[in-house]
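Spelled out from the first residue to the last, the chains are:
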Amino acid sequence: MNVIRYSFKPHGCNQGKLVAIEELKDIPFPIRRVYYTYDLKPEDTRGHHAHKTLQQILICINGRCRLKLDNGKEVTTVMLDKPNEGIYIPNTVWREIDDFSPGAVLLILASELYDEADYIRDYSEFLRFVNGNGESDGQ
Ligand code: T46
């Protein structure tokens with residue numbers, strides 16, 4: 001599947017760098033939520049779900065991790081290892097994140113507030129959902 005990467009322009013030179021991200025200008029959606037994961041071990045694995053409507057940008061602002069994206073037809077794996085690069089995850093894409101380096105920090109910009117009802121946490125249910133077999137049945 002096609003992976004959309006955003007390269008954010010770093011400002012600064014010999015006294016560190018600064019990246020600014022503005023909604024609907026640098027990324028394609030309004031930012032309604034920001035969260036991050038840290039204190040991750042190399043054997044940790046996160047995600048293992050999809051969202052019905054949520055869009056997100058993932059930025060590994062420190063260290064490295066691996067992102068697996070699955071749209072129900074194709075699977076793609078990308079490394080997140082640049083603090084000025086974001087990977088866009090549209091809705092209805094299954095994601096898994098692993099292979100965290102020591103000190104990895106993953107920052108996420110999200111298009112919606114947290115809503116557990118938006119999650120599809122069962123892979124079979126996800127396949128039914130993306131293959132057009134109607135609404136998620138929650139089973
Ligand atoms: C995704 C990956 C990258 C909240 O209370 N508010 C929030 O905004 C979020 C995201 C989570 N939570 C609670 C719900 C759970 O009790 O935090 C706990 C862990 O959440 P979750 O299992 O969803 O965490 P991850 O890291 O597996 O997944 C999250 C996002 O949910 C997901 O959309 O793409 O980060």
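Reference entry: report on the structure contained in this document. (Residues numbered from 1 in each chain as written. Predicted model: local features only at pLDDT ≥ 70, side-chain atom pairs only at ≥ 80, totals over all residues. Heavy atoms only, no water.)

### Examining the site of the ligand
Inference 1: Every residue close to the ligand is listed here: Arg33, Tyr35, Arg46, Gly47, His49, His51, Gln56, Arg95, Ile97, Tyr114, Tyr119 and Arg121.
Inference 2: Contact distances for the ligand include 2.6 Å between an oxygen atom and a side-chain N or O atom of His51.
Inference 3: In this structure, an oxygen atom belonging to the ligand sits 2.8 Å away from a side-chain N or O atom of Gln56.
Inference 4: The protein chains hide 68% of the 650 Å² of surface that the ligand would expose on its own.
Inference 5: For the shell around the ligand, the secondary structure elements donating two or more residues are β2 (33-37), β3 (46-51) and β8 (94-98).
Inference 6: Per element, the largest residue contribution to the shell around the ligand is 4 residues, and it comes from β3.
Inference 7: In terms of residue class, the shell around the ligand is built from 4 nonpolar, 4 polar and 4 charged. (Near = heavy atom within 4 Å. Polar contact = N/O pair within 3.5 Å; in protein donor to acceptor, adjacent residues only side chain to side chain. Areas by Shrake-Rupley, 256 points an atom, 1.4 Å probe, with all protein chains shown as cover. Helix = DSSP H or I, 4+ residues; strand = E, 2+ residues; numbered from the N terminus. Nonpolar A, V, L, I, M, F, W, Y, C, P; charged D, E, K, R; others polar.)

### Here's the deal with the sheet that holds strand β5 (residues 65-70)
Inference 1: Spatially, 5 strands are ordered β6-β5-β8-β3-β10 in an open sheet, and the strand pairing comes out antiparallel. Each edge of the open sheet carries a strand with a single partner, namely β6 (75-80) and β10 (119-120). (Pairing = 2+ DSSP bridges.)

### Regarding the pairing of β5
Inference 1: Note that β5 and β6 share 6 bridges and pair antiparallel. Looking across to β6, one finds that Asp70 is bridged to Val75.
Inference 2: Two strands pair when backbone bridges link them, and β5 and β8 are joined in this way by 5 bridges, in the antiparallel orientation. Across the sheet, residue Lys68 finds its bridge partner in β8, namely Glu96.

### Looking at the nonpolar core
Across soluble globular proteins, nonpolar side chains show a tendency to be buried alongside one another.
Inference 1: One finds Leu58, Leu67, Leu69, Leu80 and Leu106 to be the most contacted residues of the largest nonpolar core, which totals 18 residues.
Inference 2: Every element with two or more residues in this core is listed here: β4 (56-62), β5, β6, β7 (85-89) and β9 (105-110).
Inference 3: For this core, the leading source of residues is β5, giving 3 residues.
Inference 4: Not counting the four nearest positions on each side in its chain, Leu67 is found in contact with Leu58, Thr76, Thr77, Val78, Leu80, Ile87, Ile89, Arg95, Glu96 and Ile97.
Inference 5: Listed in part, the 8 residues of the second largest apolar core include Phe29, Ile57, Tyr88 and Leu107. (Core = buried A, V, L, I, M, F, W, Y, C linked by side-chain atoms within 4.5 Å. Buried < 20%, exposed > 50% of the residue type's maximum accessible area, 1.4 Å probe, protein only. Contact = heavy atoms within 4.5 Å.)

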